[in-house]
Amino acid sequence: MNTIYINQKEILKRYKDIDKNTHKGIQGHALFIGGSYGKIGSVCLSSKAALKTGCGLVTTFVPKCGYEIVQMSIPEVMVLTDVQENFISKIKVDIVPQAIGIGPGMGQEQSTQKAFHEFLKINKTPLVIDADALNILSQNKSWLSLLAPKTIITPHLKELERLLGKWSSEEEKFEKTKAFSKQYNLIVVMKGVPTHTIDGETIYENTTGNAALATAGSGDVLTGMITSLLAQSYEPVNAAILGVYLHGLTADIALPETGYQSFIASDIIENIGKAYLTLQNAQK
Ligand SMILES: NC(=O)C1=CN([C@@H]2O[C@H](COP(=O)(O)OP(=O)(O)OC[C@H]3O[C@@H](n4cnc5c(N)ncnc54)[C@H](OP(=O)(O)O)[C@@H]3O)[C@@H](O)[C@H]2O)[C@@H](O)CC1
Ligand SMILES: Nc1ncnc2c1ncn2[C@@H]1O[C@H](COP(=O)(O)OP(=O)(O)O)[C@@H](O)[C@H]1O
Ligand SMILES: [Mg+2]
């Protein structure tokens, strides 16, 4: 198997320092599409994580019930709303983002499924697909052919099983995932312990992170971080690898202060700055 271990040395080959003359207009604009009644928090986590990972602008598209929630919990984020109150029914945005993250908290209502299908037919923006958007694809596998090359998908093991069907050994899991990645030309972030990012025949094994990450919203934060890096012009595979590495590093940094149990998804976001500083200090 062609496995590359993603440690600090590998990350420093891929990490790009910030340009001192940059401004928010060229730092990348990320759009998040997701949320439904009772699950607006997921897309708030993705959106805040994206800002803290360095993109210049974030817009979040939610059903109407999410409008005040997103505005009040993250004032830096711009908000667009669906016509429906409790779930997404028609994805209509008048902005030009550099990357889109779709799926966290989105639910699987029939009209949400239809809206997602219409969106996939016309979308030209680099995409990160997570959570319910993956579950919808599992129910409509013919839509996978609508995905542009190097679209990033971020399934946890259950979501992966819904997409691929059951496997009977670890080896078969990897073989099936590699075949799937090649068939649709996708980058698969196979979330687990550890997380493997699969790009065709190549497997990138992450080396950061710990059990503190086993907490609600941890994956929603990862979607925000990867989408942010994609919006900042990282190649899709590097956005995935660096996002997973930084996400894990936040938990390694925080662990001595929080312990495993009290660490929550917001603590990932709080520690993204320290994770970046670790890389910047290692460059000196
Ligand atoms: N604050 C909010 O708004 C939040 C909103 N959220 C949103 O909720 C939606 C549903 O997402 P979800 O992942 O909770 O549900 P679902 O896909 O059915 O998976 C659950 C089942 O899958 C399994 N399983 C999970 N992980 C596994 C693993 N690593 N390895 C192996 N198995 C694993 C496990 O099954 P079991 O092992 O029990 O058989 C578990 O019972 C989605 O839109 C998400 O964004 C959440 O992000 C939370 C915070
Ligand atoms: N024991 C663990 N060790 C390391 N990472 C973990 C562990 N448990 C969960 N994670 C990470 O936490 C994230 C969980 O994602 P996900 O299941 O989508 O959460 P949610 O849907 O609640 O946001 C993944 O990145 C996964 O790799
Ligand atoms: Mg998830």
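Just above, that's the structure.
These notes cover the structure that comes with them. All figures in this text were calculated on a predicted structure; none of them were measured in a lab. (Residues numbered from 1 in each chain as written. Chains lettered and ligands numbered in written order. Predicted model: local features only at pLDDT ≥ 70, side-chain atom pairs only at ≥ 80, totals over all residues. Heavy atoms only, no water.)

It is worth spelling out the nonpolar core at this point. Counting residues in each nonpolar core, the largest one holds 54 residues, and the members touching the most others are I11, V70, I152, V221, I226 and L242. Every element with two or more residues in this core is listed here: β2 (29-33), α2 (40-52), β3 (57-62), β8 (187-190), α8 (218-231), α9 (236-258), α10 (265-270) and α11 (272-283). Among the elements that make up this core, the one with the highest residue count is α9 (11 residues). Look past the residues within four positions of I11 in its chain and what remains in contact with it is I6, I241, L242, Y245 and L279. Core analysis: the second largest hydrophobic core is formed by 32 residues, L134, I153, F174 and I198 among them. (Core = buried A, V, L, I, M, F, W, Y, C linked by side-chain atoms within 4.5 Å. Buried < 20%, exposed > 50% of the residue type's maximum accessible area, 1.4 Å probe, protein only. Helix = DSSP H or I, 4+ residues; strand = E, 2+ residues; numbered from the N terminus. Contact = heavy atoms within 4.5 Å.)

Two modes of strand pairing occur in sheets, parallel and antiparallel, and in both the strands are linked by backbone hydrogen bonds. Strands sit in the order β1-β10-β9-β8-β7-β6-β5-β2-β3-β4 across an open sheet of 10 strands; the sheet is mixed. At either margin of the open sheet sits one strand with a lone partner, and together these are β1 (2-6) and β4 (78-81). The pairing of β2 with β3 spans 5 bridges and is parallel. In the sheet register, I33 faces β3, and the bridge partner there is F61. Contacting β2 and β3, α2 runs over the sheet at an angle of about 170 degrees to β3. Sheet contacts for α9: β1, β7 (152-153), β8, β9 (196-199) and β10 (202-206); angle to β8, the most-contacted strand, approximately 10 degrees. (Pairing = 2+ DSSP bridges. Axes fitted to C-alpha atoms, helices over the stretch in contact; angles between N-to-C directions.)

Moving on to unusual backbone geometry. Note that the residue after V193, namely P194, is joined by a cis bond; omega there is -5 degrees. Structurally, P194 is set in the loop between β8 and β9. Phi angles above zero are rare outside glycine, and A131 is one such case at about 50 degrees. Inspection of the secondary structure puts A131 in helix α5 (residues 131-139). For A131, a relative accessible area of 12% translates into the label buried. Of note in the backbone geometry, N185 takes a positive phi value of approximately 55 degrees without being a glycine. Mapped onto the secondary structure, N185 falls in the loop between α7 (170-184) and β8.

Let us look at the site of ligand 2. Residues in contact with ligand 2 amount to 16 residues; listed here are only the nearest, K191, G217, S218, G219 and D220. The contact in question runs from an oxygen atom of ligand 2 to an N or O atom on the side chain of K191, over 2.7 Å. S218 places a polar side-chain atom, nitrogen or oxygen, 3.0 Å from an oxygen atom of ligand 2. Within the complex, 77% of the 580 Å² of free accessible area of ligand 2 lies under protein. For the shell around ligand 2, the leading source of residues is α8, giving 4 residues. A per-class count over the shell around ligand 2 returns 6 nonpolar, 8 polar and 2 charged. (Near = heavy atom within 4 Å. Polar contact = N/O pair within 3.5 Å; in protein donor to acceptor, adjacent residues only side chain to side chain. Areas by Shrake-Rupley, 256 points an atom, 1.4 Å probe, with all protein chains shown as cover. Nonpolar A, V, L, I, M, F, W, Y, C, P; charged D, E, K, R; others polar.)

Summed over the entire model, instances satisfying the criterion amount to 10 salt bridges. The closest approach of N and O atoms between D199 and K150, which form a salt bridge, is 2.8 Å. Taken together, the positions of D199 in strand β9 and K150 in the loop between α5 and β7 put the pair 49 residues apart, joining distant regions of the chain. Notably, a salt bridge pairs E201 with K178, separated by 3.5 Å at the nearest N-O pair. Of this pair, E201 sits in the loop between β9 and β10 while K178 sits in helix α7, placing them 23 residues apart in sequence. Assessed through its relative accessible area of 41%, E201 is described here as partly exposed. Overlapping salt bridges bring together E175, K178, K182 and E201 as one network. (Salt bridge = Lys/Arg side-chain N within 4 Å of Asp/Glu carboxyl O.)

A ring pair, where both rings are aromatic, is described by two values, the distance of the centres and the angle of the planes. For the structure on display, the rule yields 3 aromatic pairs. Pairing F116 with W143 gives two aromatic rings, centres 6.5 Å apart and planes at 65 degrees, and the pair type is edge-to-face. In this pair, F116 sits in helix α4 (residues 110-122) while W143 sits in the loop between α5 and β7, placing the two residues 27 residues apart along the sequence. Each member of the pair, F116 as well as W143, carries the same accessibility label: buried. (Phe/Tyr/Trp six-rings, centres within 6.5 Å; stacked < 30°, edge-to-face > 60°.)

Within the element layout of this structure, T125 appears in the loop between α4 and β6 (127-129). Relative accessible area serves as the criterion here: at 18%, T125 is assigned to the buried category. Counting along the chain gives 15 residues from T125 to Q110, while the straight-line C-alpha distance between them is 24 Å. In this structure T125 touches P97, Q98, A99 and I100, once residues within four positions along its chain are discounted.

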